[in-house]
Structures are given as structure tokens and as C-alpha cells.
Amino acid sequence: MRYIANTEADRRAMLDVVGVSSLEELFSDIPRQVRDRYQPIGLPERSELETVRKVQKLAHFNAVWEQYTSFLGGGVYDHYIPRVVPYVTSRSEFSTAYTPYQPEMSQGTLTAMFEFQTLLCELTGMDVANSSMYDGATALAEAVFMAKRIAKTDKVAVCRSLYPHYRQVLDTYCQAGGIEVVEVPYDHAGRYNADSLPTKISALVVQSPNTFGIIEEMNGLKERLGAALLIVAVNPISLGLIAPPGKAGADIVVGEGQPLGLSPSFGGPFLGLFACRKQYLRSMPGRIIGRTVDAQGEIAYTMTSQTREQHIRRGRATSNICTNSTLCALAAAVYLAGLGGHGLQELALLNLEKAHYLAERIGSLPGYSLAFSGPFFNEFVISVPGDPQSVYRQLAHDKILVNNPSSLSELGVEQALSFAVTEQRTKEELDSLVNVLRDMT
Amino acid sequence: MKTIFDAKGKREGKVLPALDVPQQGLEKLIPHSLRRSRRPRIPVLSEPELVRHYTRLSKLNYGVDDGLYPLGSCTMKYNPKVNEDLAQLPAFAGAHPLADERLVQGSLALLHEASRYLCNIAGLSDITLQPAAGAHGELTGMFLFNRYFKERGESKRKRMLLPDSAHGTNPASATISGFSITQIPSGEDGMVDLVALRETLDETVAGIMLTVPNTLGIFEERILEITQMVHAAGGLCYFDGANLNAFLGQARPGDMGADAFHFNLHKTLSTPHGGGGPGSGPVAVSQCLVDFLPVPRITRDKKGYHLDRNFPRSIGRMHSFYGNFGVILRAYAYILLLGDDGLHAVSDNAVLNANYLQERLKKTYRLPYDRLCKHEFVLSGEQLGQGITTFDIAKRLIDYGFYPPTVYFPLIVREALMIEPTECEGKETLDRFIGVMEKIALEAKENPELLRTAPQHAPVQRLDQTRAARHPILTYPFDELPE
């Protein structure tokens, strides 16, 4: 096998040292009947070329994405990824390292994660951040568990305008963790209905921009919640323009980091963003990197606050998370450092302008109009005349990708389609979508 | 250590495309109250500055491509380069998770086939690929157990049994899922004490979480008795798959009595760990848990592959989408590259390497459980004398250019050094490591200061961990005056 360095002669010499006569004998502690029941998969060893061919063959059953125009969103956006991002993350000193248990040999990863934490705090307006979670949905679920620990209440309120996949993961966790989930409806603006906030809750979960793309108004919200925590789910790109949740008094901020330089990759690996207020540091899940000094007084970085973690506190840990998404967090750091604060603002503005151009063009078609009146960022919902499924199918036929309207319909928004627009969409592509829709009516 | 925030440069030049639609202006599109007033303090780096910064940082790191990485329980094996290219194929990397399923038949077929291979390796009925890491797999398993007992009207089964050698994630996962922990002591031989197990088994037991082989690297020889006892008492058996490299291609958890078993694709199946993640922790289950698996499940009929959410008894969704596809793809390609013979060769060589190291090193270091090991073993750093600790030994290894083993785990061995060489290391490298370990033992006697002040030949010296914990600096101090 080509990833093995031992030769037959090495193996014989090593068996002699161990004092056994065969490799087989090394497995004599596994019950015979277990070994006898082993069934191979039925796969031959393959050369690299044969393997590449077999995987490529599967790839051919996917669409050729270059031929499609994507308006897909729902938490995963079609942003341009500068080449420098995968260049850095593919350096094997980063990619083939383990969790930085030995800081003296891991200053690269540790420094980059310290940068990532800082970047996330800058974006969100929070005090502290961890060095990543699995993805947006699981980060939110962990935030709700954390709020339960802090507020000691088994009920959480969630805006209905949350991404459906966030909600589904949250429901799974809450069911197992004994947390009741109550829903806050949305209004005609597409925002949460501030008149129907439940009481005696551990936290309120608000997503902004929400699943309809609408930017939530959160001024004064924290004050109304009393002892309950405010958890805000964000799109990091939007924070180039939108007020950071920290300013509105958010206690925990979570989000999906995919827009920060990660390819869609059919849903993963992604990057769970997690930041909170300083006073909740001890309750925060995940790996946290801190700055300290070495024996010579030189600045150096290390994993810290580990007494919260499973390998020390075991059953009483704040979370069971161990492996996270460090390499994806590195990608995000490189992506943001390549843009700079000004660049991020400009990027967000491009998304905003293009989305509004498209929304207005579609909204001027007969029978089409914006479904909600609230301000939106780079994604919006349009009420369509007729059956949205048939519009969806027709668009797919014309190689235009949009979210399946069934997910809107599950949220009670009927006869509507949603569109996400990034900096990658050209005016030509936007106009041609409008033309396809016009020709349908 | 300089960070991007220390950069003072002002980059010029075009980064973003020009706006090609009529500009409306921020003022019109977002009300003032919703806008941010201060730009985030993200420095402006030119591309060469950026590349040099991260190249420099990379050189302060150590990956498995740099050399031996004998981190016990982490299976730091070589990551085949071709798999990186395959994960970047535009057809796969460009697939949006919400694209119409007719457009992603290749991705779905790959997940379906990977599921089949992994079920086969586990010897179990079905699998979910959603968990993003081993601990996430444990959580999924515990949620499944929860639901199983709930449906059977046995909600009083709330006790989870764990050997005292268990990974810390096990008790954490079980507790989060609402179980209480009962610890089972290990016997003199390092294996589960069957008498203690029998005594605690009753109608309040939900099950047991086992790592096989255990974290001492010892295969539970009475594994069939253990799982039969737990099953007879009405409980379920969860297997932590961190140590699958010990019997990959030769034995199957399903044949040992597992009801749920998680893979760590970033360990056993060679996907790069990325300095902390991403990983992937698929959970394979026996027939009694299949109906509860997370949705959507990938099904197949005459029309092709589907993302099917219609499983009313499912625990629900565990991941934003379908799991870490890019990681699963690499593991799938690894299985293809190796085939059955290759998988078998992995455990053959991993176990041979570990036993060879154990045999040679036990002459210099105390080996608390002296018996055949599997893919890893645990030494004790005590008894080197002069007050030398395992911590010192680990730091001195850094001076010799080796990544240290896992230290101070498992908890049942004092001053533990948990060593896992993996199948990828050749005898030559192992001999070099043995030589260094022997030399360190000698240094401990003759010049212990060398160990106490190690590392001297690393990018930084020993860190002040107390200061890091007591005075946490967790973000760049923008307001700090330059020194």
C-alpha cells in the first residue's frame, strides 16, 4: 500500500522485536468469532489515476455550474473567492496539523485564530469570540444551550423568520436537551412582531438579515427582554454595512461563516461563528485562543480557558465540542484581511445595490412585487403571479438557480420566490433573469 | 508575534468589480438607524504582505507533512494529496446545498456510495453522514438512544455507563443529552471490570459508551460479554470510533455488538485535520436505531437519488445541510485508493508500529499495562527522577523536532504519554524517535535542566499559561500603546 513506508524486511525485523511470528498474531486479542465474521467491501486497490477517473465520473452527474446563474441563498452565498484564500489554507503546515495542544509547535494556527477571534469581534461588536463551531445551525443550537445554562430557564423564543435549516437543527437539539421552543411571528414588513414577545424565556433568537433577507430593527429590544438573553444570527458580509449586533445589546452572536471565502461544497465544511459578551466567557463553548508571553517575555498564543472544556470538566463541560472548523476560520481571516475594513464595506455595498436593482426591476413586472416592506440586504422575497413552482421549474430550465419556493411556503409565505444577489452577478445576468420572468407572464 | 493588526500599510488597487447597475446609494437603501457607524478595524494588507504574513505563520506550525506526529487517539496519518484536488473539482466544490436535487445527482451518489462503504466497514445497517466531528457523532448517537427509549416507554433509563478511561467528549455528550454518568472502573488488566459492570446494570441503564480498543490501546478481549450483558439488561452499546485504525479492515464494531458507532474521518480515513478541524463524524447504527436517523436521508429509486425528509420517527436534523461533504469526499476517495487490502494493511502496520515502539520504549519508560497493544499505547513519564514530568519530556521532544505524544491522558495513568505512530511511519523514523526518547531519559538524569527549560529550539519558549488564564487577552488590544 503506497502510504506505508515499512518494507517486508522492516516488518519481519519488527515482529522479531515484538516477539510474535506473524501480523495475524498481533490481533489475537480480538475474539476469533468477531474476526471470522468480517466481510470485505469488495473493492480492489486502485491507482491514483483510476481513483480520479471514478470520482470524476460521479462529478459528471452534477450540473456544470459555469453554465448556470445562481440566485441561491439561504445562508450559503455565491461570493467570489480570491485565489489567495485557498492558497494559504492549502499550505500543509496549516492543513495537516492537529488541534494546537502543543503551543510551541502551533504558533501559526494559534496566531491566525487569535486574528480570527479579533476579526469576528470587530464585525459583531462583541467582546469575545471562540475559534469556530461546526456551522451556523449548530452554533445557534449551542448558543441556545448556553443561554439555558445562564438564564436557568427551559424555554427559548425563536423568530419564525429564521433559516429553516437553523430551526430544524435547533428543534432537534432542544428536544433532546429538554428545551421548549416558542415562536415569534413576523409581520407585513418581514420583521419579527415586537408585540408578541413571550415572557419567562432564557433567550430570544433573532436572525438579521433574516431568511427573507430583511434587516431586523433591534434598537430597544434588549431592554424589553429583561433577564432573557438576546441571541442574534448574522450574515458576516452584511456587517460591512449593518450595525453590529453588539450595539443593539446582543449577548451572543452566531452565524454561518461560509460567505467569508468558503466554497458551497454541497453544504460543508462550513464555519460556525460564535461571539459573546465578556461576562459569559466561562459559559461559552468551543476553543478559545489567548495571548500570553513565553519564558523570555515574547508575545505568544495558546488555547486558554480550557477548564470549561470536555477534556478537563468531562460531564460538566460547557459543551462537548472538540474538533471545530479551524481551517475554515483561517480562510475567513485571510479573506477579510485581503479585503480590509473598507473593502468589506464596498463589497457589502455592491451586494446591496445589485440586489435592489434586481428587486426593483422584477417588482416593476406586472403581477410581481416585493413580499415584504422592510429594508433588505442581498436577498429578497418576491410575490409572483401564478404557481411559484412552475416559475421555479421554468427558471431551472433556463439555467437560472433560485431557492425552491417550498421552503418559503413552509414558513407561510405563499406564491413567492426568493432571490439572493452577490457581487458576482452582472447587470447582464440580472437583466436576463428579468426578461425570462417577463416572457413567462 | 506580529498579527495582521500590526500592519500599517495602505494598499492601493482594485479588489472588487465596479458597480455596473445604476447606483441608488446607501442612504436610500438602509435607514440610518440600521447602519453601522464605525468601519470594522480590519487592516489593509497588500497581497504580497498578506501572503508573506501567512507564509511566515505557517512556518511556525508543524503538520504531519513535517514529520512524525504521534499524538495518541488522534491518528495523525498522511493525507493523500490527490484527495485535495478531488475536493476542489468545480462540480463538487461549486454545488450549492439548496440546488435542485436533479442538479446534484453526482454529489448525492457519492454520499450514497460513501454511506454504503462506511456501513460495510462498521458492520452496521445504516448511517448518517451529518455529524461534523467525532463529538458531534457522539451527540447524535445519544440523541438516537434518547429517542429509542422514549418510543419504548422506557424514559426512566437515564444512566450512561462509561469506563474510567473514556475520552472527555463521551461524558460531555451524554450529559448534554440528559443522561447521568456512571463510571465503570478498569481492572488490573486495563479492561472493563465485568464484576463492576454486572453490579451496576439494571433497568435504569440506558447503555454504555465504549472506545474500542480503549484509550490505553488495549482491545477489550471480553467485548462480546460486555455488549451481551448490556443488551440483556435492555441497554444499548455506543462505540467511540476514535481508535478504528486499530482494526480497520479486519474486524467490525457491528460484529462486536455495537448499536451505534461513529467514525472520525479526519483520523482513520486520512482527511486533513486543518489544525483543529473541519472533521467529519458519521454515525453507523444497528437496525433498532435506523428509523430515528437524522433527516434528510439520501434515498435512491428509479428516478435517481433524493434528499428525503419523510421519516416521521427521525430525531430531526443535526447539521445545516448533509454533513461536511468536502471531508466525506476525501474519505471516500481514500477508501477507493486503498481497497480492502489497503484497509487491512493500515491496521496491520499501525498495530505493528505501535507494538514495536512499545516493546523498545518500555525498557526506558514505565509501561503500566504491559501486554499486546493495538494502534497506540500509554507510557508513564514518572520515575525518570529529578522531578522530571511528562510535560518536560514533551517539551524536550519539540527540541528534537518531533511533535509530542498526547500527554496526561488517559486520566487513569499518572504522567501519561499516549503514543500513536500510525501505519504511515516507517521503521527508520520509529528508530529515530526511540533514539531521541532514550536520549531524553538519559538527559533527565545527567542534565535535567535541559528538560525543564525545553523547548529551546522552537519558535517560542514555554508559555505562561497561568497568565493566559488569569488575564485573558482574547482579541488584539487595539488601544495598547506600542512598546
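Residues numbered from 1 in each chain as written. Chains lettered and ligands numbered in written order. Predicted model: local features only at pLDDT ≥ 70, side-chain atom pairs only at ≥ 80, totals over all residues.

Re the overall build of chain A
Per the secondary structure count, chain A includes 14 helices and 14 strands. Dimensions along the principal axes, computed over C-alpha positions, put chain A at roughly 85 × 50 × 50 Å. Taken over 441 residues, chain A has a buried fraction of 61%. Long-range contacts, defined as pairs at least 24 residues apart, comprise 73% of the intrachain contacts of chain A with a sequence gap of at least 6. (Helix = DSSP H or I, 4+ residues; strand = E, 2+ residues; numbered from the N terminus. Buried ≥ 20, exposed ≤ 12 C-beta atoms within 10 Å, placed from the backbone. Contact = placed C-beta atoms within 7 Å.)

Digging into the overall build of chain B
Of the regular secondary structure elements, chain B holds 15 helices and twelve strands. What you see for chain B is a C-alpha radius of gyration of 25 Å, in line with the 23 Å of a compact globule of 483 residues. Dimensions along the principal axes, computed over C-alpha positions, put chain B at roughly 80 × 70 × 45 Å. Counting only residues that meet the buried cut, chain B has 60% of its 483 residues in that class. Sequence separation of 24 or more characterises 71% of the internal contacts of chain B that already satisfy a separation of 6 or more. (Rg over C-alpha atoms; globule rule 2.2 N^0.38 Å.)

Let's talk about the pairing of strand S6 (residues 229–234) of chain A
Residues and elements named next belong to chain A. A large share of S6 lies buried, amounting to six of its six residues. Along S6, one buried face is formed by Leu229, Ile231 and Ala233 and the opposite face, lined by Leu230, Val232 and Val234, is buried too. Here strand S5 (residues 203–208) pairs with S6 via six bridges, running parallel. Each bridged residue has a counterpart across the sheet, and for Val206 the counterpart in S6 is Val232. The sheet contact formed by S6 and strand S7 (residues 252–256) spans four bridges and is parallel. Within S7, the position partnered with Val232 by the bridge is Val253. (Pairing = 2+ DSSP bridges.)

Overview of the domain arrangement of chain A
Residues and elements named next belong to chain A. Segmenting chain A into domains produces domain 1 (65–81 + 340–440) and domain 2 (84–334). Taken together, the contact between domain 1 and domain 2 spans 27 residues of the former and 28 residues of the latter. When residues of the side of domain 1 that touches domain 2 are traced back to their parent elements, those giving at least two are helix H11 (326–363), strand S12 (379–383) and helix H13 (406–410). Top element by residues in the side of domain 1 that touches domain 2 is H11. It accounts for seven residues. Residues that form the side of domain 1 that touches domain 2 fall into these classes: 15 nonpolar, ten polar and two charged. (Domains from an automatic or database assignment. Nonpolar A, V, L, I, M, F, W, Y, C, P; charged D, E, K, R; others polar.)

Quick look at unusual backbone geometry
All names here are of chain B. The residue after Gly277, namely Pro278, is reached through a cis peptide bond having omega 10°. Checked against the element boundaries, Pro278 lands in the loop between strand S6 (260–262) and strand S7 (283–285). Residue Pro455 follows Ala454 across a cis peptide bond; omega there is 0°. Positive phi outside glycine occurs at Ser73, with the angle close to 75°.

A short note on the domain arrangement of chain B
Residues and elements named next belong to chain B. By domain assignment, chain B separates into domain 1 (4–59), domain 2 (82–337) and domain 3 (341–468). Between the C-alpha centres of domain 2 and domain 3 the distance comes to 30 Å. At the interface, 18 residues of domain 2 touch 19 residues of domain 3. Residue composition of the side of domain 2 that touches domain 3, by class: eight nonpolar, nine polar and one charged.

Brief notes about the sheet that holds strand S2 (residues 159–163) of chain B
Residues and elements named next belong to chain B. The seven strands are arranged S1-S7-S6-S5-S4-S2-S3 in an open sheet whose pairing can be described as mixed. Looking at strand neighbours, the two that pair on one side only are strand S1 (126–128) and strand S3 (180–184), the edges of this open sheet. Averaged over all pairs of adjacent strands, the angle between their axes in this sheet comes to 25°, without regard to strand direction. The pairing of strand S5 (residues 236–240) with S6 spans three bridges and is parallel. Bridging across to S6, Asp240 finds its partner in His262. (Axes fitted to C-alpha atoms, helices over the stretch in contact; angles between N-to-C directions.)

Let's talk about the packing of helix H11 (residues 325–361) of chain B against helix H13 (residues 427–446) of chain B
Residue and element names in this part refer to chain B. Running from N to C, H11 and H13 cross one another at 25°; their axes reach a closest spacing of 11 Å. Comparing the axis directions of H11 and H13 gives the class roughly parallel. Helix-helix and strand crossings are classified by hand; for H11 and H13 the assignment is right-handed. Residue-level inspection shows Asn353, Tyr356, Leu357, Arg360 and Leu361 of H11 in contact with H13, the latter providing Leu430, Ile434 and Met437. Of the residues in the contact of H11 with H13, the class split is six nonpolar, one polar and one charged. (Parallel < 35°, antiparallel > 145°, perpendicular 65-115°, else oblique. Left-handed = near helix turned anticlockwise from the far one by under 90°.)

A closer look at the interface of chain A and chain B
Tallying the contact residues gives 170 residues for chain A and 170 residues for chain B. Sort the elements by how many residues they give to the side of chain A that touches chain B and H11 of chain A lands first, with 23 residues. Classifying every residue of the side of chain A that touches chain B gives 81 nonpolar, 61 polar and 28 charged.

Some words on the sheet that holds S12 of chain A
Residue and element names in this part refer to chain A. Spatial ordering of the open sheet is given by S11-S12-S14, a layout of three strands whose pairing is antiparallel. This sheet does not close on itself; its edge strands, each paired only once, are strand S11 (369–370) and strand S14 (416–420). Note that S12 and S14 share five bridges and pair antiparallel. Within S14, the residue paired with Ser383 across the bridge is Ala416.

Here's the deal with the packing of helix H3 (residues 48–59) of chain A against H11 of chain B
Interaxial distance between H3 of chain A and H11 of chain B falls to 9 Å at its minimum, and their mutual angle equals 135°. Judged by the angle between their axes, H3 of chain A and H11 of chain B are oblique. The handedness of the crossing between H3 of chain A and H11 of chain B comes out as right-handed. Side by side, H3 of chain A and H11 of chain B meet where Glu48, Thr51, Lys54 and Val55 of chain A of the first sit next to Ala333, Leu336 and Leu337 of chain B of the second. Here the residues of the contact of H3 of chain A with H11 of chain B sort into four nonpolar, one polar and two charged.

Regarding the nonpolar core
All names here are of chain A. Counting residues in hydrophobic clusters, the biggest one holds 305 residues, and the most contacted among them are Leu140, Val144, Ala203, Val205 and Ile231. Looking at which element gives the most residues to this core, the answer is H11, with 23 residues. Setting aside chain neighbours within four positions, we find Ala203 in contact with Val144, Ala147, Ala151, Val156, Ala228, Leu229, Leu230 and Ile231. (Core = buried A, V, L, I, M, F, W, Y, C linked by C-beta atoms within 7 Å.)

Describing the environment of Arg222 of chain B
Residue and element names in this part refer to chain B. Looking at the element boundaries, Arg222 is found in the loop between strand S4 (205–211) and helix H9 (223–232). Here Arg222 falls in the partly exposed class, since 17 other C-beta atoms lie within 10 Å of it. For the pair Arg222 and Met256, spaced 34 residues apart in sequence, the C-alpha to C-alpha distance is 9.7 Å. Excluding residues within four positions of it along the chain, Arg222 makes contact with Met191 and Leu194.

Brief notes about the pairing of strand S12 (residues 416–419) of chain B
Residues and elements named next belong to chain B. Burial of the side chains of S12 extends over both faces: Ala416 and Met418 are buried on one face and Leu417 and Ile419 on the other. As defined by bridge partners, strand S10 (residues 377–380) adjoins S12 across four bridges and the pair is classed as antiparallel. Counted as the bridge partner of Val378 is Met418 from S12. Where strand S11 (residues 406–407) and S12 come together, two bridges link them in antiparallel fashion. Residue pairing for S12: Thr406 is matched across the bridge by Met418.

Looking at helix H7 (residues 136–151) of chain A
Residues and elements named next belong to chain A. Compared with an ideal rise of 1.5 Å per residue, which puts 16 residues at 22 Å, H7 spans 22 Å between its outermost C-alpha atoms and is within 8% of the ideal. In terms of residue burial, H7 counts as a mostly covered element, since 13 of its 16 residues are buried. Lys152 sits one or two positions beyond H7 and adopts a positive phi of about 55°. (Expected span 1.5 Å × (residues − 1).)

Considerations on the environment of Ala194 of chain A
Residue and element names in this part refer to chain A. With respect to the element layout, Ala194 can be found in the loop between strand S4 (180–184) and S5. Judged by the 14 C-beta atoms lying within 10 Å of it, Ala194 falls in the partly exposed class. Considered as a pair, Ala194 and Leu221 are 27 residues apart in the sequence and their alpha carbons are 8.4 Å apart.

With respect to helix H7 (residues 169–176) of chain B
Buried residues dominate H7 of chain B, accounting for eight of its eight residues. When we look at burial in H7 of chain B, the residues that qualify are Thr169, Asn170, Pro171, Ala172, Ser173, Ala174, Thr175 and Ile176 of chain B.

Description of the environment of Val434 of chain A
Topologically, Val434 of chain A is positioned in helix H14 (residues 427–440). Taking the C-beta count within 10 Å as the criterion, Val434 of chain A has 18 such neighbours and is therefore assigned partly exposed.

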